[in-house]
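Given next are the chains, with one letter for each unit.
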Amino acid sequence: MSSPEHAPIPPTRERTRRHSWVRVLIPVALILVWLVGAGLGGPLFGKVDEVSSNDQTSYLPESADATQVQKLLGEFNDSDAIPAIAVFVADDELSESDLQAITDAVADSPDVEGVSPDVSPALTSEDGQAVQAFIPIEGDAELADAIEALGTQLRDAAPDGVTVYITGPAGFSADLVAGFAGIDGLLLGVALLAVLVILVLVYRSFLLPLVVLSTSLFALCVALLVVWWLAKFEVLLLSGQTQGILFILVIGAATDYALLFVARFREELRVVQDKGTAVLAAWKGSFEPIVASGGTVIAGLLCLLLSDLKSNSTLGPVAAIGIVFAMLAALTLLPALLLLFGRAVFWPRRPKFEPAVVAEEHGMRTTGLWARLAGLITKRPRIIWIVTTLVLLAGAAGVLQLNAVGVPQSDLVLGASEARDGQVALGEHFPGGSGSPVYVVVAEDRMQDAVDVLLADDGIDGVSVTASDSPSGSAPVTEDGITAVGPPGTPAPEPTVVDGEVLLQGTLTDAADSDAAAATVRDLRTQLDEVDAVVGGVTATAIDTNDASIHDRNLIIPVVLVVIMLILMMLLRSILAPVLLILTTVLSFGTAMGVSALVFNGVFDFPGADPAVPLYGFVFLVALGIDYNIFLMTRVREESLEHGTREGVLRGLSITGGVITSAGLVLAATFAALSVIPILFLAQLAFIVAFGVLLDTFVVRSLLVPALAYDLGRVIWWPSKLWRSGRD
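Predicted, not measured: the structure shown is a model, and the values here were computed from it.

A. Expanded view of the confidence of the model for the protein. Overall, the prediction assigns the protein a mean pLDDT of 85, with 92% of residues at 70 or greater. For the protein, per-element mean pLDDT is lowest for helix α12 (residues 355–361), which scores 68, and highest for helix α14 (residues 381–396), which scores 94. Note that residues 1–9 has pLDDT below 50 and, in this model, 3 contacts with residues that lie over four places away or in other chains.

So this is what it looks like as structure tokens:
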């Protein structure tokens, strides 16, 4: 007979002990998996520029004329260098010694690391007060560093009283690189700090905000790991703009999903003692709205794959990958962390185990802002939703003031810009389009016909042809043919011919990014079409980009609406409710765009907006804005099944009001962080989405949707079973 101390452990105790170990091992294993992923992805934050590109031409459709010309340029010039223009300007006419010093400085510029040796001779303006020189930057050079070093050397060598600017395509590209430089550090830091402050204020807890932020940051690290390698293998095209949106979207979405889960967890802790049971119940209650919300955003983003413009079509899968990991982190990493910490995560405001109090409240808050708002909706539902709709319509009227037809390249970067100042100085002393020519590829036997068309246009100041045997690499072309370059008696050079075609360069009279230059290029394309010529260059690239963006906007917006509506119909098992939710979200978007247009024009004095701004604003506001309606209406439907539709609306609003408002504040704050990057597109998107999310959170989801649903009663669930058998 065995002694008591060696008696076998009862099976129930064995199962309990085994269950306890499982409850510890599973969350620890999940946390370790995420730690490994974050450890691999974290170091890539400073290396995104290795796999990204900000070259506009690389985002155009393959069929675009500017794309075709860009591919041919390397064959004619045998170089992938980016042209920079050095502009030397003096208040008075430059002396011979000044000109010689400038010439020597330009000749020595290839000594700068990253500068190509193929430097063109310096050209003096007709008024003698300015000199310009074309200095190519090697395609594989660190552009921003090369431009900065070149500017420093030329300024040191320039005569006293001469101001030096570096402009042209390389100068503007360097501005963009510098503008995006803060994405890895400044943007992420501002976004995380904003979220942390909001979470601390909302929860008045020290540990919970860190747990939620860790969930968001780990999701971003793993998403970046996947996106980085896909970009490395050229499966995806990544830009600074896409990178910034990915960071903000993942942080905002992951935090929103985490807040929804935490709210459910807190509810369950009030009615159950065991933290494992509370986590499981919270997971079951959060799974459907989180997956539905994330699926809606992913579906909306993947509609961007229909885009002709690669900057749009590649954003879709990149951002969708981010949302996938945001959902996964909220449904795996966060529950694991909460299971380990339990009630302690809310310290010092730990939720009490008080099932009797919860039963007395019937699961619905009877005090506080949201309870009072629910009471107000009970008394005046129709007046509330009608007045709210009229106010939103008034705000949407401002959309008529939105100027979203494109902006000059010189206005893409906010704040000071040496390239912009240099372009202004260049236009005062030389033809405005110097350094950013119109490129025309035409058959050799039609070259003179194309030259005649170019010279007949007032928007073209001069024409040259690529000629490898010319000292400068090109030769002027007139109505009489190619002009000799060199001493008198020198024969005219032969144009470079590639596959029976030649490359012409037309110097624009106006700045390459001006409306006048765009009109010139459009006219030339119409006329040169008769000689089967293809037109490219900086101006043509901007035109093709804007045209493709407008096409994408008109195609994708209706598709996104249909896709999201179908998802809502499946989620809510209704037709009328999804239609009404989509209409309210579209109205909210229209108001956000209308108010934004008035602010852009009257407060910030922006020069306009890219055609993609309304598209991006629509995709994010509709896809993300519908999230809060999903959070609200899934809870309303859950409550309506037990208590009837009208009481279900009040209960849903009361229960979800706090968490949805917190989520809206977090998402608005994260998108507002985009404004720290001095890029016009991102600054405008930051305002539109941040304002739109706040509008949707505090007006549409808090007043319009609940009041409308309460007024309609169970008919809102038409034609589902809940409509037929439910009660108002």
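B. Structural detail: unusual backbone geometry. Looking along the chain, the bond that leaves Trp347 and enters Pro348 is cis, with omega of 10°. Along the chain, Pro348 falls in the loop between α11 (315–341) and α12. With an omega dihedral of 0°, the bond running from Trp718 to Pro719 counts as a cis peptide bond. With respect to the element layout, Pro719 can be found in the loop between α22 (680–712) and α23 (721–725). The phi dihedral of Asp499 falls on the positive side, at around 55°, and the residue is not glycine. Examined against the element boundaries, Asp499 turns out to sit in the loop between β8 (481–482) and β9 (501–508). Of the residues examined, Asp499 reaches a relative accessible area of 72% and is grouped as exposed.

C. Quick peek at the nonpolar core. If you look at the biggest cluster of nonpolar residues, it comprises 163 residues, and the most contacted ones within it are Tyr257, Leu301, Tyr616, Phe620, Met633 and Phe671. Judged by nonpolar contacts, the second largest core, of 31 residues, contains Ala64, Val463, Val465 and Leu524.

D. Inspection of the pattern of salt bridges at higher detail. Tallied over the full model, the rule gives 12 salt bridges. Ionic pairing is found between Glu288 and Arg573, a salt bridge with its closest N-O pair at 3.5 Å. Placement of Glu288 in helix α9 (residues 275–302) and of Arg573 in the loop between α18 (538–572) and α19 (576–602) is noted, with a sequence separation of 285 residues between them. With a shortest N-O distance of 3.2 Å, Arg635 and Glu639 are connected by a salt bridge. Of this pair, Arg635 and Glu639 both sit in helix α20 (residues 612–643), 4 residues apart, which is roughly one turn of that helix. What makes Arg635 buried here is its relative accessible area of 8%.

E. Broad picture of the pairing of strand β5 (residues 438–443). Burial analysis of β5 places 5 of its 6 residues in the buried class, the great majority of the element. Bridge count for β5 against β9 is 6 bridges, and the pairing is antiparallel. Residue Val442 lies in a different strand from β9, and its bridge partner there is Val502. Here β5 pairs with strand β10 (residues 534–537) via 4 bridges, running antiparallel. Each bridged residue has a counterpart across the sheet, and for Val440 the counterpart in β10 is Val535.

F. Local environment of α20. Spanning 32 residues, α20 covers 45 Å between terminal C-alpha atoms, matching the ideal 46 Å at 1.5 Å per step. Phi for Gly644, located one or two positions after α20, is positive at around 95°.

Procedures and definitions
Residues numbered from 1 in each chain as written. Predicted model: local features only at pLDDT ≥ 70, side-chain atom pairs only at ≥ 80, totals over all residues. Heavy atoms only, no water. pLDDT = per-residue confidence, 0-100. Helix = DSSP H or I, 4+ residues; strand = E, 2+ residues; numbered from the N terminus. Contact = heavy atoms within 4.5 Å. Buried < 20%, exposed > 50% of the residue type's maximum accessible area, 1.4 Å probe, protein only. Core = buried A, V, L, I, M, F, W, Y, C linked by side-chain atoms within 4.5 Å. Salt bridge = Lys/Arg side-chain N within 4 Å of Asp/Glu carboxyl O. Pairing = 2+ DSSP bridges. Expected span 1.5 Å × (residues − 1).

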